[in-house]
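Structure at a glance
Chain by chain, the residues:
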Amino acid sequence: MRCPCAPGMQSKSQRSFISSRAAILRGKLNFHHIAIAGPLEAGKSELAARLAVRLNATVVNDETTENPFLEDFYAGTAGAAFQTQLFSLLARHRQQITLRQSNLFSQTTICDYLFDKDKIYAYLNLDDNELFIYQRLFDLLARDIVSPDIVIFLQAPPEVLCDRLEEHARNDAELSLPDTDYIRELCEAYNYFFFHYTATSLLVVETSHFDLGWTDETIDDLIKQLEEMTGGTRYYVPRIGP
């Protein structure tokens, strides 16, 4: 688990103002446990870090980004999809159990993944025999998981995600990238999953037309959307410009 970097040095009055503002915002929110979901390069970790600073919350980052089978999976190695899937499922389960035992979810907590999203990848990547085994294991492990109070689903078309991935790859020569067809299928699978999602409150955020740096104005507007939610699903397109 990694927490966002601390902000730069601030005066006592600035720190007091920020702490007071965070307390006010926390008081308005009906949610303590927020999960952020979305495909590759949707901006999950960036949003989790920005929201955590604003809400004085704890960030829980997905620890499966270092999956040792991922490179073989992207290369199409036989059996790698099943290995990749089981590693991710078990790692996330272990992390979630540790958080539950530490009573972290009684505080304001922002998780940059949704445990249930693991099924999106399983149904997309596994064959029928592998999926049969996976589903039995998932059903067993899911009983231990604390559901979030609300999910923020970050949505973007595959073309935008591919552009972001390519930009990342230019800065990291060792980064393994999925192909364009896979990203397109993944987007469709995410959209289908969340179109039918009813387990918790859901805020769907369209992210294709703004900077994933998440400006203060965008974060303020997003928090306002969260404050106004009392259940169900809401669709939201962040405002751009003045």
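Residues numbered from 1 in each chain as written. Predicted model: local features only at pLDDT ≥ 70, side-chain atom pairs only at ≥ 80, totals over all residues. Heavy atoms only, no water.

**A look at a negative patch on the surface**
Note the cut-off: Surface patches are defined over residues having more than 30% relative accessible area and no salt bridge, joining like charges when they lie within 9 Å and nonpolar side chains (Val, Leu, Ile, Met, Phe, Trp, Tyr) when within 5 Å. Under the convention used here, a 1.4 Å probe and the Shrake-Rupley method define accessible areas, while residue burial counts only the protein chains that appear. Salt bridge, as applied in this entry: a Lys or Arg side-chain nitrogen positioned within 4 Å of an Asp or Glu carboxyl oxygen. Neither His nor the chain termini are counted; the positive set is Lys and Arg, and the negative set is Asp and Glu. To locate a charge, take NZ of a lysine, CZ of an arginine, CG of an aspartate or CD of a glutamate. We count a stretch as a helix when DSSP gives it H or I for four or more residues in a row; a strand needs E for two or more, and each element gets its number in order from the N terminus.
Taken together, the side chains of Glu159, Asp163, Glu166 and Glu167 define an acidic patch exposed on the protein surface. As for its position among the elements, glutamate 159 is in helix α7 (residues 158-171).

**Some remarks on the side chain of serine 208**
The cut-off we apply is this: For this analysis, a polar contact is any N or O atom pair within 3.5 Å, provided that within protein one partner can donate a hydrogen and the other can accept it, and provided that sequence-adjacent residues contribute only side-chain to side-chain pairs. Note on contacts: a residue pair qualifies if any of its non-hydrogen atoms lie within 4.5 Å across the two residues.
Position of serine 208 relative to the elements: it lies in the loop between β5 (201-206) and α9 (216-228). Side chain to side chain, serine 208 and glutamate 206 meet in a polar contact 2.8 Å long. Other than its neighbours up to four places away in sequence, serine 208 contacts Gln155, Ala156, Pro157, Val160 and Arg164.

**What about the sheet that holds strand β4 (residues 150-155)?**
The criterion, for reference: For two strands to be treated as a pair, DSSP must find no fewer than two bridges joining them. For every element, the axis is a line fit to its C-alpha atoms; helices are fit only across the contacting stretch, and the angle between N-to-C directions ranges from 0 to 180 degrees.
Reading across the sheet, the six strands line up as β2-β3-β1-β4-β5-β6 and stay open at both edges, with parallel pairing between neighbours. Every other strand in the sheet has two partners, leaving β2 (58-60) and β6 (233-236) as the edge strands with one partner each. Across this sheet, the average inter-strand angle for adjacent strands is 20°, counted without regard to direction. Here β2 pairs with strand β3 (residues 109-111) via three bridges, running parallel. Bridge pairing in β3 links valine 60 to cysteine 111. Packed on one face of the sheet, helix α8 (residues 180-195) meets β1 (33-37), β4 and β5 and runs near 150° to β4.

**Regarding helix α5 (residues 118-125)**
Cut-off, in case you're wondering: Accessibility here uses a 1.4 Å probe with only protein chains present; expressed as a share of the type maximum, an area under 20% marks a residue as buried, one over 50% as exposed, and anything in between as partly exposed.
If you check which residues of α5 are buried, you get Asp118, Ile120, Tyr121, Ala122 and Asn125. Buried positions along α5 lie against α3 (70-74), α4 (80-101), α6 (128-142) and α8.

**Notes on the packing of helix α2 (residues 44-55) against α9**
Each packed pair of helices is defined by two parameters, the angle between the axes and the distance between the axes. Our working definition: Angle categories: roughly parallel below 35 degrees, roughly antiparallel above 145, roughly perpendicular from 65 to 115, and oblique for all the rest.
Interhelical geometry of α2 versus α9 gives an angle of 75° and a closest axis separation of 11 Å. What the angle tells us is that α2 and α9 run roughly perpendicular. On α9, the residues that touch Leu47, Arg50, Leu51, Arg54 and Leu55 of α2 are Asp216, Ile219, Asp220, Leu222 and Ile223.

**Quick notes on α8**
Every α-helix carries 3.6 residues per turn, so stepping three or four residues along brings you back to the same face. Our working rule: Each helix should span, by expectation, one fewer than its residue count multiplied by 1.5 Å. What the arc describes is the spread of directions from the helix axis to the C-beta atoms.
Taking 1.5 Å of rise per residue, the 16 residues of α8 would be expected to cover 22 Å, and the 23 Å separating its terminal C-alpha atoms lies within 8% of that figure. Turning to α8, its buried residues number three or more, namely Tyr182, Ile183, Leu186, Cys187, Ala189, Tyr190, Phe193 and Phe194. Along the axis of α8, the buried residues cluster in a sector spanning 165°; they form a single face. Residues of α8 that are exposed and point more than 90 degrees away from the buried face comprise Glu188, Tyr192 and Phe195. The opening residue of α8 is aspartate 179, an N-cap whose side-chain oxygen sits 3.3 Å from the backbone nitrogen of aspartate 181.

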